Amino acid sequence: MEKSNFYSVYWKYPDNKYNDWIYPIIKKLNGFFQGNYFMANETLKSAKKNKNDEFYTQLCDIEKELSHYKEHFYGKTVLCNCDDPRVSNFFRFFALKFKEWGLKRLITTCYKNQDVDLFSQNTSEKAVWLDYYGNPNDNTSTDFSTVEVKELKGDGDFRSKECIELLKQADIVVTNPPFSLFREYVAQLVEYDKKFIIVGHQNAITYKEIFKLIKNNKLWLGYGFKGGAAHFISSYEDIATASNHKEGMIRVSGVNWFTNLDIPKHHENLILYKNFTEEEYPKYDNYDAINVDKTSDIPQDYNGVIGVPITFLDKYNPEQFEIVALGIVGSCDFTCEKKMEILDKNEMPTGKYTINAKGTLYRKHLETDTKPAAFRDCETGELYQSIYARILIKKK
């Protein structure tokens, strides 16, 4: 496909009525950046080698999630501080919704362009920020030519002093931060007491810093992506099956929206219908709790501690359940410690040993288990199953 400059390709909106006013913004940005839309093979190889985890969120996914939060944005200053406005659909979304949602101000910061992004050969190291207050002469106008593009003194890192100063001026932060910096990013939002809606991987739930916020009801999951997976705009090679493959995108499983804004979903009760039996709900060997493999199988008549998958948080209502701990070493106190030999997938000994199943919850291996046993007790010879990450909860 023939190469074209960025703003003539990427920002072409299907409905041409938007091109007239979005074009001046990109034209201004082009004064700072010169480059092509498509990234050369060498740049892509470099991004893979450096494990660049910046993927650009689709506009349709942003619209679907943020539609649930409209009431929170009236009269507010919004900050998108991990977003190159040349490619960020977060910037695009709030630019389109500025008047309709009654925003006070829109700030977008851009990290300096060393690798730039996954679509450009741009080698500029300038970082910019955008400041938009709406059209001062006509608040019903969709003429965004009044947007102010400013050059940052530093590299645009969200941790830099000048970006923190912009953060202090914001009411709500909305973006897709690098997953590798998720702990640090959320910690900064909490430190400055900011409301936020951000994209993250569900594995972040098991980070002790993030889990503590969830347990204390200071962070929860949003409405999420369909099937817990999303397609992000990226030039990484997509290994998704044909039915899930989308050209120019990569499918990432286990992603979700994290927020501290109040939403109806956070107060919806989970309907419970199953009854407890010892046969169906075995206890862990190293913690006084029963195991539940599916959130929908939580028994309605059990009042003790229950171990549930981390996907439970998608249905979590703090008025219905109490979070006790995360089922890993360091978060809960195991009731026993056993030296165990690690078995391979065929239940054969590996000659490697562990204490407490590598620091996770475990239970005795049952004849009805379809999965092979993972460990053998060195003292008794009994077989055990390790349990994937569990959240320990109790009904209120």
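Residues numbered from 1 in each chain as written. Predicted model: local features only at pLDDT ≥ 70, side-chain atom pairs only at ≥ 80, totals over all residues. Heavy atoms only, no water.

Draft legend 1. Layout of the sheet that holds strand S15 (residues 339-343). Strand order in the open sheet formed by five strands is S16-S15-S18-S19-S17, and the pairing between neighbours is antiparallel. Two strands in the sheet have a free side with no partner beyond their single neighbour: strand S16 (349-355) and strand S17 (362-364). Each neighbouring strand pair of the sheet contributes to a mean axis angle of 35 degrees, computed without reference to strand direction. As paired elements, S15 and S16 share four bridges and run antiparallel to each other. Among the inter-strand pairings, Lys339 is bridged to a residue of S16, identified as Ile355. (Pairing = 2+ DSSP bridges. Helix = DSSP H or I, 4+ residues; strand = E, 2+ residues; numbered from the N terminus. Axes fitted to C-alpha atoms, helices over the stretch in contact; angles between N-to-C directions.)

Draft legend 2. Structural context of the state of the cysteines. One pass over the structure, following the stated rule, counts zero disulfides. Looking at Cys82, it has no disulfide partner, and the nearest cysteine sulfur is the one in Cys163, 9.0 Å off. (Disulfide = S-S within 2.5 Å.)

Draft legend 3. Representation of the nonpolar core. Counting residues in hydrophobic clusters, the biggest one holds 45 residues, and the most contacted among them are Ile298, Leu313, Ile391 and Ile393. Those elements giving two or more residues to this core turn out to be helix H6 (161-168), helix H7 (182-191), strand S7 (195-201), helix H8 (208-215), strand S13 (306-309), strand S14 (321-326) and strand S20 (390-395). Discounting residues that sit within four places of it in the chain, Ile391 has contacts with Ile205, Phe211, Ile306, Gly307, Val308, Ile310, Leu313, Ile323, Ala325 and Leu326. Ranked by size, the runner-up nonpolar core spans 32 residues in total, among them Tyr69, Leu106, Tyr132 and Val255. (Core = buried A, V, L, I, M, F, W, Y, C linked by side-chain atoms within 4.5 Å. Buried < 20%, exposed > 50% of the residue type's maximum accessible area, 1.4 Å probe, protein only. Contact = heavy atoms within 4.5 Å.)

Draft legend 4. Representation of the confidence of the model for the chain within the structure. Of all residues in the chain, 72% have pLDDT values of 70 or greater, and the mean over the chain is 79. When pLDDT is averaged over each helix and strand of the chain, the minimum, 33, is found for helix H1 (residues 6-9) and the maximum, 97, for strand S8 (residues 220-221). Within the model, the stretch residues 1-19 combines pLDDT values under 50 with 42 contacts to residues more than four positions away or in other chains. Here residues 26-52 is modelled with pLDDT under 50, and outside its nearest four sequence neighbours on either side it reaches 67 contacts, counting other chains as well. (pLDDT = per-residue confidence, 0-100.)

Draft legend 5. Fine view of the pattern of salt bridges. On inspection of all chains with the given rule, the structure shows 16 salt bridges. Between Arg105 and Asp131 there is a salt bridge whose closest N-O contact spans 2.7 Å. In this pair, Arg105 is assigned in strand S3 (residues 105-109) and Asp131 in strand S4 (residues 128-132), connecting sequence segments 26 residues apart. Like Arg105, the residue Asp131 is buried in the burial classification. The salt bridge involving Glu280 is made with Lys274; its shortest N-O contact spans 2.3 Å. (Salt bridge = Lys/Arg side-chain N within 4 Å of Asp/Glu carboxyl O.)

Draft legend 6. Structural context of the packing of helix H4 (residues 59-66) against helix H5 (residues 89-97). With their axes 9 Å apart at the nearest point, H4 and H5 run at an angle of 55 degrees to one another. Between H4 and H5, the interaxial angle falls into the category oblique. In the packing of H4 onto H5, the handedness of the crossing is right-handed. Facing H4, whose interface residues are Leu59, Ile62, Glu63 and Leu66, H5 presents Asn89, Phe90, Arg92, Phe93 and Phe94. Of the residues belonging to the contact of H4 with H5, the class tally is six nonpolar, one polar and two charged. (Parallel < 35°, antiparallel > 145°, perpendicular 65-115°, else oblique. Left-handed = near helix turned anticlockwise from the far one by under 90°. Nonpolar A, V, L, I, M, F, W, Y, C, P; charged D, E, K, R; others polar.)

Draft legend 7. Just the pairing of strand S19 (residues 383-386), in detail. Sheet topology places S17 next to S19; three bridges connect them, and they run antiparallel. In the sheet register, Arg363 faces S19, and the bridge partner there is Gln385. As judged from the two bridges shared by strand S18 (residues 375-377) and S19, these two strands associate in the antiparallel manner. Bridging from a neighbouring strand, Phe375 pairs with Tyr384 of S19. Counted between consecutive antiparallel strands, the loop separating S18 from S19 contains five residues, among which Gly381 sits at a positive phi close to 85 degrees.

Draft legend 8. Region of the structure containing the sheet that holds strand S12 (residues 290-291). Reading across the sheet, the four strands line up as S12-S13-S20-S14 and stay open at both edges, with mixed pairing between neighbours. Two strands in the sheet have a free side with no partner beyond their single neighbour: S12 and S14. Looking at chain direction, S13 and S20 are connected through four bridges and run antiparallel. Across the sheet, residue Gly307 finds its bridge partner in S20, namely Leu392.

Draft legend 9. Structural context of the packing of aromatic side chains. Applying the stated criterion across every chain, the model contains 14 aromatic pairs. Seen from their ring centres, Phe158 and Tyr185 are 5.0 Å apart, and the 75 degrees between their planes marks the pair as edge-to-face. Residue Phe158 is found in the loop between strand S5 (148-151) and H6, and its partner Tyr185 is found in helix H7; the two are separated by 27 residues along the sequence. Pair check on accessibility: Phe158 and Tyr185 agree, each one buried. With centroids separated by 5.3 Å and ring planes inclined at 85 degrees, the aromatic side chains of Tyr362 and Tyr384 adopt a geometry described as edge-to-face. Of this pair, Tyr362 sits in strand S17 while Tyr384 is found in strand S19, placing the two residues 22 residues apart along the sequence. A relative accessible area of 0% means that Tyr384 is categorised as buried. (Phe/Tyr/Trp six-rings, centres within 6.5 Å; stacked < 30°, edge-to-face > 60°.)

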